[in-house]
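Read off the chains here:
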Amino acid sequence: MSHSNHNATAQDTSQTHLKRALGVPSLVFFGLVYMVPLTVFTTYGIVTQVTGGRVPAAYVITLLAMVFTARSYAKMAGAMPFAGSAYTYTQKSFGAGIGFVAGWALLLDYLFLPMINYLVIGIYLSAAFPMIPAWVFVVSAIVLVTVLNVIGIVSVARANIVIIAAQAIFIVVFAALGIASFTGSGSVDLAAPFTGDGSAPGFDNVMAGAAILCLSFLGFDAVSTLSEEAKDAKRAVPRAIVIATVTGGLIYIVLSYLAQLVYPSNQFADVDSGALDVMAAAGGEFLTAFFTAAYVAGACGSALTSQASVSRVLFAMGRDGVLPKSYFGRLSPRFHTPTIATLTVGGVSLLALAVDLAFISEMVSFGALIAFSAVNLSVIKHFIIDEKNRGSRAVLSSIVLPGIGFCLTLWLWTSLSPRTLLIGAIWLVLGVGYLAFVTRGFRRPTPMLDLTD
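Since this is a predicted model, take the numbers as computed values, not measurements.

Throughout the structure, instances matching the rule amount to 25 aromatic pairs. A ring pair is formed by Phe41 and Phe174, whose centres lie 5.9 Å apart and whose planes are at 85 degrees; its orientation type is edge-to-face. A residue pair is termed long-range when its members are at least 10 positions apart, and Phe41 in the loop between α2 (24-34) and α3 (44-51) and Phe174 in helix α8 (residues 156-183) qualify at 133 residues. For the pair Phe41 and Phe174, one class covers both residues: buried. By way of ring pairs, the aromatic residues Phe41, Tyr44, Tyr124, Phe170, Phe174, Tyr263, Phe268, Phe286, Phe290, Phe291 and Tyr295 are connected into one cluster. Here Lys75 stacks its cationic end above the ring of Phe383, 4.3 Å away from the centre of that ring. Just above the ring of Phe437 sits the side chain of Arg440; from NZ or CZ to the centre is 5.7 Å.

Taken as a whole, the chain shows an average pLDDT of 81; of its residues, 87% reach a score of 70 or greater. For the chain, the element scoring lowest by mean pLDDT is helix α1 (residues 2-16), at 45; α3 scores highest, at 91. Across residues 6-18, confidence stays below pLDDT 50; counting only partners more than four residues off in sequence or on other chains, it has two contacts.

Here we come to the layout of surface pockets. What the second largest pocket holds in volume is close to 300 Å³. As for the second largest pocket, its lining consists of 17 residues, of which Trp104, Leu107, Leu111, Val348 and Trp427 are closest to the centre. Of the residues that constitute the lining of the second largest pocket, the class distribution is 16 nonpolar, one polar and no charged.

Conventions and cut-offs
Residues numbered from 1 in each chain as written. Predicted model: local features only at pLDDT ≥ 70, side-chain atom pairs only at ≥ 80, totals over all residues. Heavy atoms only, no water. Phe/Tyr/Trp six-rings, centres within 6.5 Å; stacked < 30°, edge-to-face > 60°. Helix = DSSP H or I, 4+ residues; strand = E, 2+ residues; numbered from the N terminus. Buried < 20%, exposed > 50% of the residue type's maximum accessible area, 1.4 Å probe, protein only. Lys NZ or Arg CZ within 6 Å of the ring centre and 35° of its normal. pLDDT = per-residue confidence, 0-100. Contact = heavy atoms within 4.5 Å. 1 Å grid on protein atoms, 1.4 Å probe; cavity = no way out; pocket = protein on both sides within 12 Å on 5 of 7 lines; lining within 4 Å. Points joined across faces, edges and corners; volume = space filled by probe spheres on them. Nonpolar A, V, L, I, M, F, W, Y, C, P; charged D, E, K, R; others polar.

Right, here's the structure in full:
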C-alpha cells in the first residue's frame, strides 16, 4: 500500500510540475527571443524626432533604469522561485488589493502589445505594396493570428528560432553595409547620435524618448516565468534576467547608433516606417526588402505569442474569479483553447485601425513602467519589512539599489505625454472601480489570481 501511494504521488508530481532542464544560456536566449533585436526599429522614426536625433542616448538612459529594475526582478525571482511576474511579486508583497491594481496596469500592456505588432505589419507591408491599403494587412493579420490561436498551433518555439536567426543574419548584413555606407562618404560625425541635430534640444526630450523605449525591454521579465523549468532557479533565473537585459540593451544601442550614422536626419517619408529610409541609405532596395521580410516575420511571431499569452492571462483571471468567470473562464470543448478570451483580444486589436503607433507605444510603456516601479518597491517591502534583513549590505541591496530603480522608472513614467498619462489614469480609475464592484464596496476579499501553480 505504501509503495503504491508513493508511486501515485510521484506520478501526480510528474504531471503537475515542469521538468527542470534549462540552464543560464537557455534562459538568456529565451529572454532575447522576447526582446526581439529588431524592436529597435519599431519606434525608430518617432523617437528620432522626439529626441532630435539622439536615439542611442535615450537607449542608454532606458538601459540604466532597466538594469536596476532587472536586478529587482532577479532578487524577487530568487526569493520566489516559481512562475512569477510583477503581478505575483506585488500581490505577495503588498496584498491582493495593490496586487490587483498592478495586474490591472499590466493588463493594459498585454492588450496593447498584440496591437503594436498588427499596426507595424500594416505599416511596413503597405510601404512595400502601396497599392494595398494598410488596413487590409492589419485586419488580415488579426484574423489569421486569432484563428491560429483559437484552433491551437504547435512548434511555435521552432518558428521563433527561425525568426531570430533571420534577424541575426539581417543585423550582420545591415552592420556591414551600414559601416561601408557612412565610411565611404568621407564625412561622418561619430558623436552626432549622442549630441543630436539641434531640432529638439534639451535633456527633457531625450527623457521623453527614453520613456517610449521602455517597450523594447518588456521581454526580460519573461525569464522569470520559466523558474519552474530552470535547473537552479534561485541562481540561474536572476543571472539570466540581468544578462538578457544588458545584452539586449547593448544591441539596441549599437543598432540605433549605426542607424543614425547611416541616415543622420530626422526627416522621413513616413515617420512610423522611418526605418525604411535608413535601410535604403544603407543598402538600397535589397536591404529594404530584406528588412521588411525579417521585421514582418518577427512581428507575426510576436503577435502570435503575445495574443496567446494575453488570452491565457484573461482565461486564468476568469477561472479564478478576477474577471467574469462565465465569460473568460471557459475553454473551447473542441479546441481546448480559451476561445472567448482569444476572440476578445482580436476584437480589441481592431483598435489598431484607429490609433497611431506613438500612442500605442506610450500606452505599453505606461503599463510597463508601473509594473517595473511596483517590483522595485516589492524588493524593499519583502526583504526589509517582511524578512527584516538588516545591516549595511541589506540597506544597499534592498533599499538603495531598488530605490534608485524606482526613482528612475518614476522619472521615465512622468516623461510620457500628457495624453498617455490621462488615458492611463482613466484606466487605473476604471480598475479601482471594477475592484470596488467585485468586492461590494471593498467589503469582500479581493479575488486573487494564483500564478504560482
